[in-house]
Structure formats: structure tokens, C-alpha cells
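Descriptive structure summary
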Amino acid sequence: MSAQLLDGRILSTHIRKQISQQAATLSAQGHQPGLAVILVGENPASQVYVRNKIKACQEHGLYSVYDVYPDNFTQTDLLARITALNADPRIHGILVQLPLPAHIDSHRVLEAIAPHKDVDGFHIANAGALMTGAPLFRPCTPYGCMKMLESIDAPVRGAHAVIVGASNIVGKPMAMLLLQAGATITICNSKTRDLASHTRSADILVVATGRPRMITGDMVKPGAIVIDVGINRITEGENKGKLCGDVDFDSVRNVAGWITPVPGGVGPMTITMLLVNTIEAAQRACTATPQT
Ligand code: GUN
């Protein structure tokens with residue numbers, strides 16, 4: 001059996017057409033949606049992600065501001081910049097790329113972003129609201145994974161969803177979204193005993209660990225939907241320099257019913273949902289303060 005491909009590029013293209021239209025409509029009303037992206041330090045992966053986010057804004061008619069600060073940028077200066085962006089009417093969404101350098105308290109920084117501009121959905125007001133059911137914004141990667149499941153009419157209700165990885169960015173919010181959709185949830189972490197016994201019982205398996213190809217075909221239930229959130233750079237062998245996921249695509253594709261590729265799976269959807277959240281923030285701002 002060979003799994004069907006759950007293609008994030010195709011789905012993104014479809015959603016992004018609507019985004020361009022919505023951005024154009026808002027711009028014509030004098031409310032061009034605006035996103036500020038802040039990068040501190042020189043993490044090469046973060047530099048690529050952030051550049052792609054800005055490029056997506058430019059391609060779809062959103063206004064964007066891109067702040068790049070050196071590794072030794074102070075927390076005080078970062079908080080001051082966020083305060084200024086909170087007050088800037090051209091900016092509807094603020095994203096501080098994680099991870100931040102060790103001397104900066106990322107919790108403090110995320111809590112400084114106004115919840116109505118928190119398009120990452122990481123502020124505790126939005127994370128808490130996600131737990132109780134109605135956040136202003138859903139975190140972009142899990143939100144994108146849910147859209148992928150929707151796109152294939154996945155039977156989420158009553159399914160057993162296993163999430164490998166318990167981060168605030170992916171694992172925990174993913175669990176909340178799947179729970180709300182009626183799945184039974186297992187969250188595994190790096191200390192989970194006999195991981196395969198959990199993953200093998202998953203109808204839906206979401207993997208976000210940052211460990212290249214750690215999920216192999218023998219760890220997957222036949223016919224399962226496998227969503228690979230990992231993006232890792234291969235460091236040796238004939239594929240050196242190429243990207244791979246946290247799932248061993250070649251062995252898992254022979255067992256799973258559906259599988260997301262890397263690249264071209266979850267990655268494009270994360271950026272797409274960031275644009276969706278920014279449009280939503282602009283629409284709310286536009287309704288809250290009609291221009292006379
Ligand atoms: N680092 C890795 N993923 C993300 C994300 O979705 N948002 C932010 N702000 N940082 C990240």
C-alpha cells in the first residue's frame with residue numbers, strides 16, 4: 001500500500017487566493033492588513049522562516065515590517081519595540097520569531113504583545129482561550145494541520161490522535177484543536193516509554209519533535225493519517241543539505257493512508273495560516289474602528 005500525499009502547497013495555493021482577495025478588499029477600504037515580524041539573533045533556520053513570512057505578505061498584498069536585531073539586543077529594547085507596534089494602527093499582527101536568545105525571557109516578550117495582535121496565538125490570553133474553546137487566534141502550525149485534515153474530510157471525531165512532541169508552539173495547541181474536534185488524544189514527549197506502542201494505535205499521528213526520521217513504518221498503524229511537522233537539514237550522506245521531516249517518509253508511506261511530505265507539507269500551511277490570522281486581525285480592527 002502506498003499512502004496518498006497530503007499536499008500543503010496545493011491547499012495553500014487555494015487558501016492564498018482568498019487571502020489576496022480579502023487583502024485587496026480591506027486595502028480598498030483603507031485598512032491594508034499589516035504584519036510586523038521581529039527576528040533577534042542569527043539562527044539560520046529562523047532567518048529562512050522569517051524571510052518566507054515576509055515574502056508571503058508581499059506576494060498577497062499585505063503590508064509588512066521586518067525588524068532584524070543582533071544577538072545582543074536587550075530585552076528592554078525589544079519590549080519597547082513591541083509597545084510601539086501595539087500602538088501602530090498600520091500593524092494588525094505582531095510575530096516575534098522563536099527561539100529567542102537565552103538572555104531574553106520569551107514568556108515576558110510574548111505577554112507584551114497585545115492579545116488582539118497576537119497572530120501566533122502564543123499569548124497566555126489566547127492559549128488559555130484555546131483551552132476553553134474560543135481563542136482570538138489559533139497557533140499557525142496546528143491550525144494549518146487542522147485545515148489539512150479538513151481538506152481530506154478526515155474522520156477526526158472519535159479517532160485516536162497521537163501527538164509526538166509537547167511544545168507550546170505545536171504539540172499542546174494541536175492537542176487542544178483535535179480534542180475540540182472530537183478526537184481522543186494522547187500526547188507523547190521525550191520521556192514517553194515504549195513510544196511505538198502509542199504511535200501504532202494512532203488513527204491520526206502528528207509528529208513535532210525535531211528529531212529527523214524518528215518515526216518509522218513499523219511504528220505506524222496501517223491506513224493512519226500521518227502529519228509530519230518536522231523540518232530538518234540532512235547533515236551527511238548522499239542527501240546532505242536536503243530537508244527531511246521527523247517521519248521516515250520512505251518507510252511510512254508504505255503503511256500510512258495519508259502522509260504529508262517534507263518539504264511541501266505543513267511548512268507552507270503554517271505561513272498561510274499566519275496570513276489568515278493577520279487578515280482576521282485587520283478585519284476585526286476595521287469593524288472596531290470604522291473610518292468616517
Ligand atoms: N518558531 C518556530 N515556529 C514558530 C512559529 O510558528 N511562530 C514563531 N513566532 N516562532 C516560531
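Provided above is the structure to which this section pertains.
Here the structure is a predicted model, which means the values were calculated and not measured.

1. Regarding the pattern of salt bridges
- The final tally for this structure, using the stated rule, is six salt bridges.
- When the shortest N-O distance is used, the salt bridge between D67 and R81 registers 2.4 Å. You can see D67 sitting in strand β3 (residues 63-69) and its partner R81 sitting in helix α3 (residues 75-86), a full 14 residues away along the chain.
- The closest approach of N and O atoms between K147 and E150, which form a salt bridge, is 3.5 Å. On the criterion of helical spacing, the pair formed by K147 and E150 is a turn pair, its members being three residues apart in helix α6 (residues 140-151).
- Taking relative accessible area as the criterion, E150 reaches 52% and is therefore assigned exposed.

2. Some words on the side chain of D67
- Residue D67 is classed as buried on the basis of its relative accessible area of 10%.
- Reaching out from D67, the side chain makes a polar contact with the side chain of R81 at a distance of 2.4 Å.
- If we skip the residues at most four places from it in the chain, D67 touches V37, I38, L39 and R81.

3. Quick look at the site of the ligand
- Around the ligand, the surrounding shell consists of K53, L95, V96, Q97, L98, D120, F122 and I169.
- Within the side chain of Q97, a nitrogen or oxygen atom sits 3.2 Å from a nitrogen atom of the ligand.
- Measuring from a nitrogen atom of the ligand, one finds a backbone N or O atom of L98 at 2.9 Å.
- Taken by itself the ligand offers 280 Å² of open surface, and the protein chains cover 86% of this.
- Applying the majority rule of atoms within 2 Å of the grid points places the ligand in the largest pocket.
- Here the residues of the shell around the ligand sort into five nonpolar, one polar and two charged.

4. What about the layout of surface pockets?
- Within this model, the largest pocket holds a volume of roughly 1,300 Å³.
- Secondary structure elements with two or more residues in the lining of the largest pocket: α1 (8-28), α2 (44-59), β4 (93-96), α6, β9 (232-233) and α10 (266-288).
- With 10 residues, α2 is the largest single contributor of residues to the lining of the largest pocket.
- The residue makeup of the lining of the largest pocket, split by class, is 26 nonpolar, 15 polar and nine charged.
- In this structure, the second largest pocket encloses a volume near 430 Å³.
- Residue lining of the second largest pocket: 20 residues in total, with G121, F122, A127, N168 and I169 positioned closest to the centre.
- At the level of secondary structure, the elements contributing two or more residues to the lining of the second largest pocket comprise α4 (106-112), α5 (124-132) and α7 (171-180).
- Looking at the lining of the second largest pocket, the element that brings in the most residues is α5, giving five residues.
- By residue class, the composition of the lining of the second largest pocket is 13 nonpolar, five polar and two charged.

5. As for the pairing of strand β2 (residues 34-40)
- Burial analysis of β2 places seven of its seven residues in the buried class, the great majority of the element.
- Here β2 runs beside β3; their pairing, made up of seven bridges, is parallel. Among the inter-strand pairings, I38 is bridged to a residue of β3, identified as D67.
- With α2 bridging β2 and the parallel β3, this β-α-β connection has right-handed handedness.
- Bridge analysis of β2 against β4 gives four bridges, and the strand direction is parallel. Within β4, the position partnered with I38 by the bridge is V96.

Conventions and cut-offs
- Residues numbered from 1 in each chain as written.
- Predicted model: local features only at pLDDT ≥ 70, side-chain atom pairs only at ≥ 80, totals over all residues.
- Heavy atoms only, no water.
- Salt bridge = Lys/Arg side-chain N within 4 Å of Asp/Glu carboxyl O.
- Helix = DSSP H or I, 4+ residues; strand = E, 2+ residues; numbered from the N terminus.
- Buried < 20%, exposed > 50% of the residue type's maximum accessible area, 1.4 Å probe, protein only.
- Polar contact = N/O pair within 3.5 Å; in protein donor to acceptor, adjacent residues only side chain to side chain.
- Contact = heavy atoms within 4.5 Å.
- Near = heavy atom within 4 Å.
- Areas by Shrake-Rupley, 256 points an atom, 1.4 Å probe, with all protein chains shown as cover.
- 1 Å grid on protein atoms, 1.4 Å probe; cavity = no way out; pocket = protein on both sides within 12 Å on 5 of 7 lines; lining within 4 Å.
- Sits in = over half its atoms within 2 Å of the grid points.
- Nonpolar A, V, L, I, M, F, W, Y, C, P; charged D, E, K, R; others polar.
- Points joined across faces, edges and corners; volume = space filled by probe spheres on them.
- Pairing = 2+ DSSP bridges.
- Right-handed = clockwise from strand over helix to strand, strands pointing away.

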